[in-house]
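Here is how the chains run, residue by residue.
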Amino acid sequence: MRNVWLIARREYLERIHTKAFLVSLVGFPLIMAAVILGPMVLAKSSGHEKHIVVVASDLALARPIAQELEAPVDNDPNVEAAERPKFYVTMEEPAPELKEHLTRDVQQKSLDGFLWLDHADGILRADYYSNSSEDFELADVLETAVQHAQASEQLLAGGMPASQVQSLFNAHVEMRKVEGGKDVGGISTFGSSMFLIMMLYIAILVQGVAVGNSVVEEKTSRIFEIMLATVTPQEMMSGKLLGVGAIGLTQVALWMLCGVLLAAPGLLGARAAGQYAFHLSPLHAMAFAVCFILGFLFYSALSAMLGSLVNSTQELQQLNMFMGMPLAFSIVLSQQVISNPSSTLSILLSMLPPCAPILMYLRISVLTPPLWQIALSLALMLAGVWGVVWLASRIYRVGVLMYGKRPTLPELMRWLRYS
Amino acid sequence: MNIVELDRISKAYDTKIAVHELSLAIEAGQMFGLLGPNGAGKTSTIRMMIGMTLPDSGTVTLFGQPFTRKSLHRVGYLPEERGLYKKMKVLDQLVLLGQLHGLKATQAEDRARRWCERLEIAGSLDKKTEELSKGMQQKIQFIAAILHDPELLIMDEPFSGLDPVNTVMLQDVLVELKNKGKAVLFSTHRMDQVEKLCDSICLVHQGDAVLTGTVREIKSRYPKNRLRVRYEGDAAFLSHPSIAEASQSNGTAEIRLRDGADPQQVLAAAMAKARVTYFDVMEPTLEEIFIETVGGKANA
């Protein structure tokens, strides 16, 4: 254990003093901020006001559409304020050459688009013409507005008072979660899971692969021969894993600290104003930390194994793509697990060490699975980390002594049997 | 008690036999030379000695016990492939390696400073390894191998790439350690170093130990068939039937006798025609024995 500690400490101290550590410490949040804030700023400055024309032979149909679109966005709980553009709507009746005229306006960008409503055989046909046919959010907004307008036209014609008709369209479903027999509010399960996935993904991409690099470095600097004369490959791998892992955790912890400090005033304010029912139970916080750490260690161990297979960082980079695949797989499956957290498939997947960090956390956050399942999943993750380290150190030991080319599969099998 | 005992160890890699039934023993206070041309199996033998690879057959005994990793604290190893952490400072590096060998940090630092002074590299203690020359790095590694005062020193080609001054410096250290009772093994293909330093040798050729024993005993196994004669006068005695080969310059002749020939006869023949001022019956050098044994592959 002393040797593991000595090796881990060396790795940690050497890395924390590097420029690379500082650069990624500062650079990454900057890039993230740019990625998140950039589009918002761009959206604000350009496409956030939309001037459209509604063309209908029946103004009774066009008016409610225009009203709904022009209504202040805060009144609409369905759409987040930031995402919905502000509309300026003009109403027109169909006229000869109107379509050609409007099309030219759209082309010249003096108009964002026009909605052409047409009755044919008693069925309403609505076409929206613009420079992009792929704005799905806008399609949603327009569709809702047209449906509402159509329905209210019918209801008004049937004699329902206007105020009553208006109230019909104000229904909104809020997703709330029941935990331990009480309503704990609408915590964003999916949100916090996505956050975990993001953190894991990024931590692994930025720091997890460092373990592999460190193993390769050990090989190319040829120091392993001195090291192996005193420590076992297993001690060496474990030490590297812990040392480089601790660097990764330090970095993520610093990022999160910054994130929390920056976001806290906003979140607390929102909570005080009752806008978000923000909730994080101690169990969730713990599950988050444990899943993150175990996931990070598991993938770092994988990286160490890849590192022990190759002889240069270039080769390692080619293999690193395999690291992200189980993560991507977990993300693809996450929707499935959220909707069916107790299905056999979900349970099985949440036991699989490569997927467990994400999928077990998902299951813990959407419902509380039986304790034994959580315990088993964590135990399997630990066993997975140990197993991969064991495998990596065997490959490493034989690999470094027979360096030269990348091993073939049969050679690899022989290495594993070698003692 | 032998410090190292290898009993008929063998190791085969995929395509070739690296070591074949090799046996040797090293005692405390002995300087042992592991000789052989490149690729003979020296490094493979050393790696099995310290448990980095396991022999396919045969046994390794260190300090009178079958090999265990625990024994490694009593072994100092200088690998043939040199390597240090490039970005690490020399002192930190030596302290770490000392600690891994079981020293306390303060103890390791103390000894590292002392050795660096002795080997005249104390000025580099605070430098990063990558800033040092190859020779200096080699001295650092040498120190790393002896820092924990091991009872057995295993040095794979310790002097390769060093200038004569530094070679002598390290040789002196090794001799000093040997005189303190440590067992020292070093591998080399330089016969002159072995001749000068070693008590015992093992000559490896293509995985086989072709010669093992003390230098004295090995040399006595070979006939003393070389003569050096200084003379004044007629050189006609050089065509004496006992002489297989002779060369001369400035009145000194180097002579190789035929097998079984008696040097006294040559001396008599020389004295009959010339005035002999110097006559020496020389032992064969290890290099000659080496070349004779492995068939001229010493520099292969």
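Residues numbered from 1 in each chain as written. Chains lettered and ligands numbered in written order. Predicted model: local features only at pLDDT ≥ 70, side-chain atom pairs only at ≥ 80, totals over all residues. Heavy atoms only, no water.

Visitor: Sorry, what's going on with helix H3 (residues 59-70) of chain A here?
Guide: In an α-helix, one turn spans 3.6 residues, which is why side chains three or four residues apart end up on the same side. Residue and element names in this part refer to chain A. Over its 12 residues, H3 extends 16 Å from the first C-alpha to the last, a length consistent with the 16 Å expected when each residue adds 1.5 Å. Within H3 the residues assigned to the buried category are Leu 61, Ala 62, Ile 65, Ala 66 and Leu 69. Down the axis of H3, the smallest arc covering the buried residues is 125 degrees, so these residues share one side. The secondary structure elements touched by the buried residues of H3 are strand E1 (49-55), strand E2 (86-92), strand E3 (113-120), strand E4 (123-130) and helix H5 (136-157). (Helix = DSSP H or I, 4+ residues; strand = E, 2+ residues; numbered from the N terminus. Expected span 1.5 Å × (residues − 1). Buried < 20%, exposed > 50% of the residue type's maximum accessible area, 1.4 Å probe, protein only. Arc of directions from axis to C-beta. Contact = heavy atoms within 4.5 Å.)

Visitor: Quick question: what am I supposed to make of a negative patch on the surface here?
Guide: Residue and element names in this part refer to chain A. A surface patch of negative charge is lined by Asp 135, Glu 137, Asp 140 and Glu 143. Tracing the backbone shows Asp 135 in the loop between E4 and H5. We classify Asp 135 as partly exposed; its relative accessible area is 33%. (Patch = residues over 30% accessible without salt bridge, like charges linked within 9 Å, V, L, I, M, F, W, Y side chains within 5 Å. Areas by Shrake-Rupley, 256 points an atom, 1.4 Å probe, with all protein chains shown as cover. Salt bridge = Lys/Arg side-chain N within 4 Å of Asp/Glu carboxyl O. Lys, Arg positive; Asp, Glu negative; His and termini not counted. Charge placed at Lys NZ, Arg CZ, Asp CG, Glu CD.)

Visitor: Help me understand the side chain of Asp105(A), please; the structure alone is not making it clear to me.
Guide: Residue and element names in this part refer to chain A. Mapped onto the fold, Asp 105 is located in helix H4 (residues 98-107). Of the side chains with opposite charge, Arg 104 lies nearest to the buried Asp 105, which makes no salt bridge, at 5.9 Å. If we ignore the near neighbours within four places in the chain, the residues touching Asp 105 are Ser 110 and Leu 111.

Visitor: Teacher, can you tell me more about the pattern of salt bridges here?
Guide: It is possible for side chains bearing opposite charge to pair when their charged atoms get close. This model, assessed by the stated rule, comprises 28 salt bridges over all chains. Among the ionic pairs, Glu11(A) bridges to Lys240(A), the shortest N-O distance being 2.5 Å. One end of the pair, Glu11(A), is in helix H1 (residues 2-16); the other, Lys240(A), is in helix H9 (residues 233-272), with 229 residues separating them in the sequence. The partner of Asp199(B) in a salt bridge is Lys178(B), and the shortest N-O contact between them spans 3.3 Å. A residue pair is termed long-range when its members are at least 10 positions apart, and Asp199(B) in the loop between helix H6 (191-197) and strand E9 (200-205) and Lys178(B) in helix H5 (residues 164-179) qualify at 21 residues. Residue classification places Asp199(B) among the partly exposed residues on the basis of a relative accessible area of 28%. Classification of Lys178(B) by relative accessible area gives buried; the value is 15%. Within this structure, Arg10(A), Glu11(A), Glu14(A), Arg15(A), Glu217(A), Glu218(A) and Lys240(A) form a network of salt bridges that share partners.

Visitor: Where do I start with the sheet that holds strand E5 (residues 65-66) of chain B in this structure?
Guide: Where strands meet in a sheet, backbone hydrogen bonds hold them as pairs that are either parallel or antiparallel. Residue and element names in this part refer to chain B. Sheet architecture is open: four strands sit in the order E2-E1-E4-E5, paired in antiparallel fashion. With one partner strand each, in any of the chains shown, strand E2 (17-27) and E5 form the two edges of the open sheet. Pairing analysis gives seven bridges linking strand E1 (residues 2-12) to E2, with the strands arranged antiparallel. From the neighbouring strand, Leu 6 faces E2, where its bridge partner is Leu 24. Helix H1 (residues 42-49) contacts E1, E2 and strand E4 (57-62) of the sheet and is inclined by roughly 120 degrees relative to E1. (Pairing = 2+ DSSP bridges. Axes fitted to C-alpha atoms, helices over the stretch in contact; angles between N-to-C directions.)

Visitor: Can you help me understand the interface of chain B and chain A in this one?
Guide: Think of interface size as the accessible area that goes away when the parts come together; that is how it is often given. Opposite the 31 residues of chain B that make contact, chain A presents 28 residues. Between chain B and chain A, roughly 2,700 Å² of surface is buried when both sides are summed, and carbon and sulfur atoms account for 56% of that area. A per-residue breakdown of the area chain B buries against chain A is headed by Met52(B), Tyr85(B) and Leu100(B), which together make up 27% of the total. The salt bridge partner of Glu225(A) is Arg47(B), with a shortest N-O separation of 3.1 Å. (Buried area = accessible area lost by both parts, 1.4 Å probe.)

Visitor: So what exactly am I meant to see when it comes to the environment of Leu103(B) here?
Guide: By the element assignment, Leu103(B) lies in the loop between helix H2 (90-100) and helix H3 (105-118). Separated by 46 residues in the primary sequence, Leu103(B) and Asp149(B) have C-alpha atoms spaced 9.9 Å apart. In contact with Leu103(B), not counting residues within four places along its chain, are Arg2(A), Gly98(B), Ala108(B), Arg111(B), Leu147(B) and His148(B).

Visitor: So what exactly am I meant to see when it comes to unusual backbone geometry here?
Guide: With glycine set apart, most residues show a phi of negative sign, and most peptide bonds adopt trans. All names here are of chain B. Even without being a glycine, Glu 120 presents a positive backbone phi close to 60 degrees. By secondary structure assignment, the location of Glu 120 is in the loop between H3 and helix H4 (134-146). Judged by relative accessible area, which is 60%, Glu 120 ranks as exposed. For Gln 206, which is not a glycine, the phi torsion comes out positive at approximately 50 degrees. Mapped onto the elements of the fold, Gln 206 is located in the loop between E9 and strand E10 (208-214).

Visitor: What am I meant to see in the environment of Glu130(B) here?
Guide: Along the chain, Glu130(B) falls in the loop between H3 and H4. Spatially, the C-alpha atoms of Glu130(B) and Lys87(B) are 6.5 Å apart, while their sequence positions differ by 43 residues.

Visitor: Help me out: how do you make sense of a nonpolar patch on the surface in this one?
Guide: A contiguous nonpolar patch, built from Leu254(A), Leu257(A) and Leu261(A) and spanning about 290 Å² of accessible area, is present on the exposed surface. If you trace the backbone, Leu254(A) turns up in helix H9.

Visitor: When you look at the packing of aromatic side chains in this model, what are you seeing that I'm missing?
Guide: Here the structure, examined in full by the defined rule, presents six aromatic pairs over all chains. Summarising the aromatic geometry, the rings of Phe292(A) and Phe296(A) are spaced 6.1 Å apart at their centres and angled 15 degrees between planes, so their arrangement reads as stacked. With a gap of four residues between them, Phe292(A) and Phe296(A) both fall in helix H10 (residues 282-309), about one helical turn apart. As far as the burial class goes, Phe292(A) and Phe296(A) line up, both buried. By way of ring pairs, the aromatic residues Phe114(A), Trp116(A) and Tyr129(A) are connected into one cluster. Above the plane of the ring of Phe63(B) lies Arg74(B), whose end atom (NZ or CZ) is 4.0 Å from the centre. (Phe/Tyr/Trp six-rings, centres within 6.5 Å; stacked < 30°, edge-to-face > 60°. Lys NZ or Arg CZ within 6 Å of the ring centre and 35° of its normal.)

Visitor: What is the right way to look at the sheet that holds E10(B) in this model?
Guide: All names here are of chain B. Read from one edge to the other, the open sheet built from six strands follows the order E6-E7-E8-E3-E9-E10, with strand pairing classed as mixed. Strands with a single pairing partner mark the edges of an open sheet, and in this sheet they are strand E6 (75-78) and E10. Pairwise comparison of adjacent strand axes, ignoring direction, gives a mean angle of 15 degrees for this sheet. Note: E9 against E10, six bridges, orientation antiparallel. Its bridge partner lying in E10, Leu 203 is registered against Leu 211. Sheet contacts for H1: strand E3 (31-35), E6, strand E7 (152-156) and strand E8 (183-188); angle to E8, the most-contacted strand, approximately 150 degrees.

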